[in-house]
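Here is how the chains run, residue by residue.
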Amino acid sequence: MEATSSSCPVMLVTQAITNLEKCKSMTELRQIHALMIKTNLVANTFAASKLVSFCCLSGGLDHAVSVFHRIQNPNPFIYFTLIKCFTDSSNPLESISLYAHMLTCLEDWKGVEFSLPSVLKACGKIKAFDEGQQVHGQILKTHFLFDPFVANSVIRMYLEFGRVEFARQVFDEMPERDVISWNSMITGYLREGDVELARGLFDEMPGRDLVSYNAMIDGYGKCGKCELAEEIFGMTSQKDVKTWTSMISAYLHNHYPKKALDMFREMLCLGIQPDAPALVSVLSAIADLGFIEEGKWIHAYISTKKIKMSNGFIGSALIDMYAKCGHLENAFHVFRSISHKRNIGDWNSMISGLAIHGLGTVALEVFHDMERMDIEPDEITFLGLLGACSHGGLVDEGQHCFKLMQEKYKIVPKVQHYGCIIDLLGRAGHLEDALGVLQNMPFEADVLAWKAILSASIKHENAAAGENAALRAIELAPEDSSCYVLLSNIYAKAGRWDDVAKIRSMMKQRTVGKIPGCSSILVKGKVHIFLVGKAMDENCTDEVLSKIKDVVSRLKFEGYEPDLTQVLLDVEEEGKESLLSLHSEKMALAFGLINTSHGAPIHIVKNLRICRDCHSFIKLVSRVYNRRIVVRDQNRFHHFENGFCSCKEYW
DNA sequence: ATAGGGTTAG
C-alpha cells in the first residue's frame, strides 16, 4: 500500500519542506524529524524522501538510513533517494545492496527504473563488473533498455570498466539513441585514444550539441591533434566556457602556451566569464610563458570574483604560476594563505616550485611539515622532492626519499622516479652508480633516463659513456634534436670529424630540425621576445647587437673567454664566436641592460637549456654590471648575483 | 535519473 498523503494537509507538507531547506545542522534536522513523526508527516512519500535526502546532504548517512528504516513500505522513489545518496557516498557498494533489497520487497516494479542509473553508476565506480552484468541482464529481461536513461547508464558503466566493446554493443542494440548516447560513445572512444572511431560517430550522429563539439575538441587536444581541435572549434558558433577551456587546454597540451593565452583573451573580449577550470588552464599557460603581469592579473581576478582557492586546483595553479615566473615569495604567500585548507596539489606545487629554484633543503622542510600534519604524499610529491634533491646536489637526502616513498608510503616507483635517481647520481658525478640503477630498474630505460646519463657523462667528461647514452637516446627519440647535437659535440671534442659529419647528415636525412632558441624579457610591463641574433620587434635589433659588442669587450677585460666547445655543429671556426654572442638569452640580457635602470633586477625566460657560455657570461655580467639576473631555462631557475649562480653548476 | 572542460611531474 502506498503511504497516504491525504492524511497530511498540503500546508503541513510545504511547511516541513521549507523547514528542511533552511535547516543548517543535524540537531535542527532531528527536531524537524521529531515534528514530522508527531504530525505523521513521515507517512507522506514526498516529505519523507526529502527528509532522507537532506540527511544524506548534511553528511548524516547513518541518520538517513535510520529514518529510512522507520518508513513503512517505502515506495521506489524513497528507495531511489537513498540509493542515489549511497552511490555518491564513499561506499557505493551499499547502493547495490539496497537495490537488491528493494527488488525483494517490492511487488510492483513500477518506478524501479529511476534507481537503475544510480546503481549502474555505483557498479562503475567500484568496478563491480559481475554485479553490473547482473543488473544489465535484468534490464534486458525487463525491457528497460527502451528507456534511454537506463541504456545510457549501462553504456557509461561499461566505459567506466574500460570495456568499450561492451558499451558499443549496448549502443548498437538500444532501440532509441539520443544525443547523450552518441556523446557517451564518443567520449568513450576518445578516452581510449581512438580518435578515428570517435570522429566517425561525430560525423555520423544526427544532431550534435555543445557537448559533442567540446568532447571532440578535448579529445583532439589530448592526442596531439591541435589543428583538428581548431577545426572542430571553428565548426560551432555557439560556444560555452567549456568549449573555450577545451581549446585553451588543447593549445596547452600541444605546447602552444601563447595561443592558449590569446584564446583566453579572446574569450574575455566576447564577455564570457571564466570559471575555475578556465582560470586554471590559463594560469598554466601563463606559467609556461613566465608572464608574471598576466599572472598577477588573474590572481586579482580570482580575488575580486571571490573564486575559492581551497577546493579544486586554483591554489596549486597560482603557486605553480608564481614559482615558474620566478616570484617564489608570492608562491609562498599563496601557499601560506591557504594553510588550513590545502590539498595535495597545493603541497606538490610548492615542493616542485622550490625544486626548480634549486632550494632542495627548503623543499625537504615543506615535506616535513606535510608529514607532521599527516598529509599523505603521492607519487608526484616524490617526483618533486627527488627533483629538488637533484637540483640541490643533495645526494643522500634524495636516496633517503626514494627509500621512504617505498617503505613508509608504499608507493611503487615509476620509471620517472628512477629517472630522477639516475639524474641525481649522475649530476653528482656518481656515473657508475647511475648506470647501475638504470640497468637494474624494473623498467626499460626511457629517453629521459638515457639523457640523464648523457648529460652526466658530458659534465664529468666520460666520452665513451656519453656516446653510448646518446646513441640509445637517439634510438628512443629520433625526433629529438638535442641528443644529436650533444653527440656531435662529444665527437668534435675528440676530433672525430667524420663522425660529426655522419651525425649531421643523419639529422638532415631524418629532417630533425633544431628547435630555435628563444628568450623573453619583461620590461615596463611589456614582454619582448628574442631569437638568435634577432629581436621579434626588429626596430631594436641593431641597438641590442651593438650593446652585446660593448658588453663582450668589457667582459673580456675581466677575463671572459668565449667557450666555443658547444658550437661545433654547423659553423666554421671563425663564425663560432659571433654566433655564440647572438644567443637569444644574451640578446634579451642586453636589451634589459639598455632599458632598465641601474641596479634593477632582470628576469629572462628561455625555452631551451641555457648553454655553458651564456651561463658564465651572465655570471660575469651580474658582477660587472652589479645586477641581479634571474633566468628560467627549460629545466630550472638560475639566480645570478655578484658573479655566482644559485644552481652551483647543478643543471 | 544518463553525457562535456582544470593543476602539480625527471
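Residues numbered from 1 in each chain as written. Chains lettered and ligands numbered in written order. Predicted model: local features only at pLDDT ≥ 70, side-chain atom pairs only at ≥ 80, totals over all residues. Heavy atoms only, no water.

**Re the overall build of chain A**
Quick note on the threshold: Strands are runs of DSSP state E lasting at least 2 residues, helices are runs of H or I lasting at least 4, and numbering of each runs from the N terminus. Exposure is judged per residue with a 1.4 Å probe applied to protein chains only, and the accessible area is read against the type maximum: over 50% gives exposed, under 20% gives buried, and values in between give partly exposed. Contact criterion: two residues are considered in contact whenever any of their non-hydrogen atoms come within 4.5 Å of each other. Residue burial considers only the protein chains on display, and all accessible areas are found by Shrake-Rupley using a 1.4 Å probe. A positive count includes Lys and Arg, and a negative count includes Asp and Glu. His and the chain ends are not counted in either. The location of each charge is read from NZ of Lys, CZ of Arg, CG of Asp or CD of Glu.
Counting its secondary structure elements, chain A contains 34 helices and seven strands. On the principal axes, the C-alpha backbone points of chain A span a range of 100 × 55 × 50 Å. Counting all 651 residues of chain A, 50% fall into the buried class. Within chain A, contacts between residues at least 6 apart in sequence are counted, and of these 61% link residues at least 24 apart. A total accessible area of about 31900 Å² is found for chain A, and carbon and sulfur atoms account for 54% of it. In chain A, 69 positive and 78 negative side-chain charges are present, and the distance between their average locations comes to 5 Å.

**A look at the UniProt feature "repeat: PPR" (unreviewed entry) in chain A**
Keep this limit in mind: UniProt positions are given in the numbering used here, feature names are shortened, and annotations may be inferred rather than shown by experiment.
When the UniProt feature table is mapped onto this chain, "repeat: PPR" (unreviewed entry) is found at residues 147-177, 178-212, 240-274 and 343-377. Strand forms 0% of residues 147-177 and helix 74%; the C-alpha atoms that close the span are 10 Å apart. For the annotated span residues 178-212, helix accounts for 77% and strand for 0% of the residues, and the straight-line distance between the end C-alpha atoms is 12 Å.

**A word on the packing of aromatic side chains**
Condition: Working definition: rings of Phe, Tyr and Trp (its six-membered ring) pair if their centres are within 6.5 Å, and the pair is stacked with planes under 30 degrees apart, edge-to-face with planes over 60 apart, and tilted otherwise. Charge-over-ring placement is defined geometrically: NZ (Lys) or CZ (Arg) within 6 Å of the ring centre, and within 35 degrees of the ring normal.
Counted under the stated rule, the structure contains 21 aromatic pairs. Between Y158 and F161 the ring centres are 6.1 Å apart and the planes differ by 70 degrees, which places this aromatic pair in the edge-to-face class. By the burial criterion, Y158 is buried, and F161 matches it. An aromatic cluster is defined as three or more aromatic residues linked by ring pairs; in this entry it consists of F129, Y158, F161 and F166. Above the ring of F335, the side-chain terminus of R342 is found at 3.7 Å from the ring centroid. One Lys or Arg, R342, reaches over the ring of W347 and ends 4.7 Å from the middle of that ring.

**Focus on the pattern of salt bridges**
This is how the line gets drawn: One side-chain nitrogen of Lys or Arg within 4 Å of one carboxyl oxygen of Asp or Glu is enough to make a salt bridge.
One pass over the full model with this rule turns up 27 salt bridges. Between K222 and D218 there is a salt bridge, with the nearest N and O atoms lying 2.9 Å from each other. In this pair, K222 and D218 both sit in helix α13 (residues 210-222), four residues apart, roughly one turn of the helix. Judged by relative accessible area, which is 23%, D218 ranks as partly exposed. One salt-bridge network, held together by shared partners, links K258, D262, R265 and E294.

**Digging into the environment of F530**
Secondary-structure assignment places F530 in strand β2 (residues 526-531). Exposure remark for F530: the relative accessible area of 1% places this residue in the buried category. With 154 residues separating them in the primary sequence, F530 and E376 have C-alpha atoms 43 Å apart. Beyond its immediate chain neighbours, meaning those up to four positions away, F530 contacts G517, C518, S519, I521, A535, C540, V544, S584, M587, A588 and F591.

**Digging into empty space enclosed by the protein**
Test applied: Each cavity reported here is a set of points on a 1 Å grid over the protein atoms alone in which a 1.4 Å probe fits but cannot get out, each pocket an open set with protein on both sides within 12 Å along at least five of seven lines, and each lining residue one with an atom within 4 Å of a point. Grid points are joined across faces, edges and corners, and a volume is the space filled by probe spheres set on the points.
Considering all chains together, one arrives at two cavities of 30 Å³ or more under this definition. Of the volumes computed, that of the largest cavity is approximately 40 Å³. Considering the residues around the largest cavity, the lining is formed by I548, V551, K586, L589, A590, L593 and F617. At the level of elements, α31 (541-557) and α33 (584-595) are the ones that each hand at least two residues to the lining of the largest cavity.

**Observations regarding the confidence of the model for chain A**
Rules: pLDDT runs from 0 to 100 and stands for how confident the predictor is about each residue.
On average, chain A scores 91 in pLDDT, and the residues at 70 or more come to 96%. Segment residues 1-6 is flagged for pLDDT under 50; beyond a separation of four residues in sequence, or across chains, it makes seven contacts in the model.

**Section: the protein's contact with DNA strand B**
Test applied: What makes a residue near a molecule or strand is one non-hydrogen atom of that residue sitting within 4 Å of it. Contacts described as polar in this section are N or O atom pairs within 3.5 Å, which, within protein, must combine one atom able to donate a hydrogen with one able to accept it, while residues neighboring in sequence count only if both atoms come from side chains. Think of it as three bins: nonpolar holds Ala, Val, Leu, Ile, Met, Phe, Trp, Tyr, Cys and Pro, charged holds Asp, Glu, Lys and Arg, and polar takes everything else, Gly as well.
Near DNA strand B lie 50 residues; those nearest to it are N152, R156, N214, D275 and L448. Each atom of DNA strand B within 4 Å of the protein was classed as base or backbone; sugar and phosphate made up 35%. Residue D240 places a side-chain N or O atom 2.8 Å away from a base nitrogen belonging to DNA strand B. At a separation of 3.2 Å, a base nitrogen of DNA strand B approaches a polar side-chain atom of T245. Residue composition of the surface near DNA strand B, grouped by class: 20 nonpolar, 16 polar and 14 charged.

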